[in-house]
Amino acid sequence: MISPDAKADVQPIDVAEFVDLVAGQFTSEEWQRVTIDSSHADLSGDPDKLLVACKELLKNALKATTECVRWTIGTNTMVFANLGNLPVNVEFFEPWTKGDASRGTTGNGMGLPIVLQVMNLHEGKATIEQKGKDVVVSISWRTGMHGKG
């Protein structure tokens, strides 16, 4: 995905099928903790690359809390929210950066940088912020991409 030749193969995405594909990346126990609001969903993009991004974001969120993770899907936007506290002064989108080394969690710190690369290929953006008691990651990308792949 970091190759200069990498492109997003943009196409309309069937939201229900996409959610099923993402669900297949998790155990049934993990997936039971994900609540989804796709009532305003309208997606176009590279489904394979977006699948990778969603997997990384949900994996991180599920690891960070024992509570439910909320996934909201809009028009070429997705928001992932979970209870938690962001550490300060951490560049989450830099490779090999881990939010809390003291926890001894598994992972290589590549999840959010991969998400950012997927968004770059979609001419989009990714943000992470503390909103009250929640950690919220938002991704969004252009709706008018044509022939990028």
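The present account deals with the structure reproduced in this document. On a predicted model such as this, the values are computed, not experimentally measured, just so you know. (Residues numbered from 1 in each chain as written. Predicted model: local features only at pLDDT ≥ 70, side-chain atom pairs only at ≥ 80, totals over all residues. Heavy atoms only, no water.)

**A short note on the packing of helix α3 (residues 47–64) against helix α4 (residues 111–121)**
Item 1. Close contact between α3 and α4 brings their axes to 9 Å; oriented N to C, the two are set at 150 degrees. It follows that α3 is roughly antiparallel to α4 by the angle criterion. The two elements α3 and α4 meet at a crossing, and its hand is left-handed. Mapping the contact onto sequence places K49, L50, V52, A53, E56, L57 and N60 in α3 and G111, L112, I114, V115, V118, M119 and L121 in α4. (Axes fitted to C-alpha atoms, helices over the stretch in contact; angles between N-to-C directions. Helix = DSSP H or I, 4+ residues; strand = E, 2+ residues; numbered from the N terminus. Parallel < 35°, antiparallel > 145°, perpendicular 65-115°, else oblique. Left-handed = near helix turned anticlockwise from the far one by under 90°. Contact = heavy atoms within 4.5 Å.)

**Things to note about the pairing of strand β4 (residues 69–73)**
Moving residue by residue along a regular strand, the side chains alternate between the two faces of the sheet.
Item 1. Residues V69, W71 and I73 of β4 are buried on one face, while the alternating residues R70 and T72, pointing to the opposite face, are not.
Item 2. Here strand β2 (residues 34–37) pairs with β4 via 4 bridges, running parallel. When the bridges of β4 are listed, T35 appears paired with R70. (Buried < 20%, exposed > 50% of the residue type's maximum accessible area, 1.4 Å probe, protein only. Pairing = 2+ DSSP bridges.)

**Digging into the sheet that holds strand β7 (residues 134–140)**
Item 1. Read from one edge of the open sheet, 5 strands run β2-β4-β5-β7-β6, paired in mixed fashion. In this open sheet, the two strands that pair with only one neighbour each are β2 and β6 (125–131). With direction set aside, neighbouring strand axes in the sheet form an average angle of 15 degrees.
Item 2. The sheet contact formed by β4 and strand β5 (residues 77–83) spans 4 bridges and is antiparallel. Its bridge partner being in β5, I73 is matched across the sheet by M78.
Item 3. Running over the sheet, helix α1 (residues 15–23) touches β2, β4 and β5 and is turned about 150 degrees from β4.
Item 4. Packing of α4 onto the sheet brings it into contact with β6 and β7, and relative to β6 it is tilted by some 135 degrees.

**Some remarks on α3**
At 3.6 residues per turn, the α-helix brings residues three or four places apart onto the same side.
Item 1. A rise of 1.5 Å per residue sets the reference length of α3, with its 18 residues, at 26 Å; its end C-alpha atoms lie 25 Å apart and thus fit the reference within 8%.
Item 2. Inspection of α3 places P47, K49, L50, L51, A53, C54, E56, L57, L58, A61 and L62 among the buried residues, and these make up the whole buried set.
Item 3. Two or three places before D48, at the start of α3, stands the capping residue D46, its side-chain oxygen 3.1 Å from that residue's backbone nitrogen. (Expected span 1.5 Å × (residues − 1). Polar contact = N/O pair within 3.5 Å; in protein donor to acceptor, adjacent residues only side chain to side chain.)

**Describing the pairing of β7**
Item 1. For β7, a buried count of 6 out of 7 residues is recorded, marking the element as mostly surrounded by other parts of the structure.
Item 2. Looking at chain direction, β6 and β7 are connected through 7 bridges and run antiparallel. Of the residues in β7, the one forming a bridge with I128 is V137.
Item 3. Between the end of β6 and the start of β7, which pair antiparallel, lie 2 residues, with G132 showing a positive phi angle near 65 degrees.

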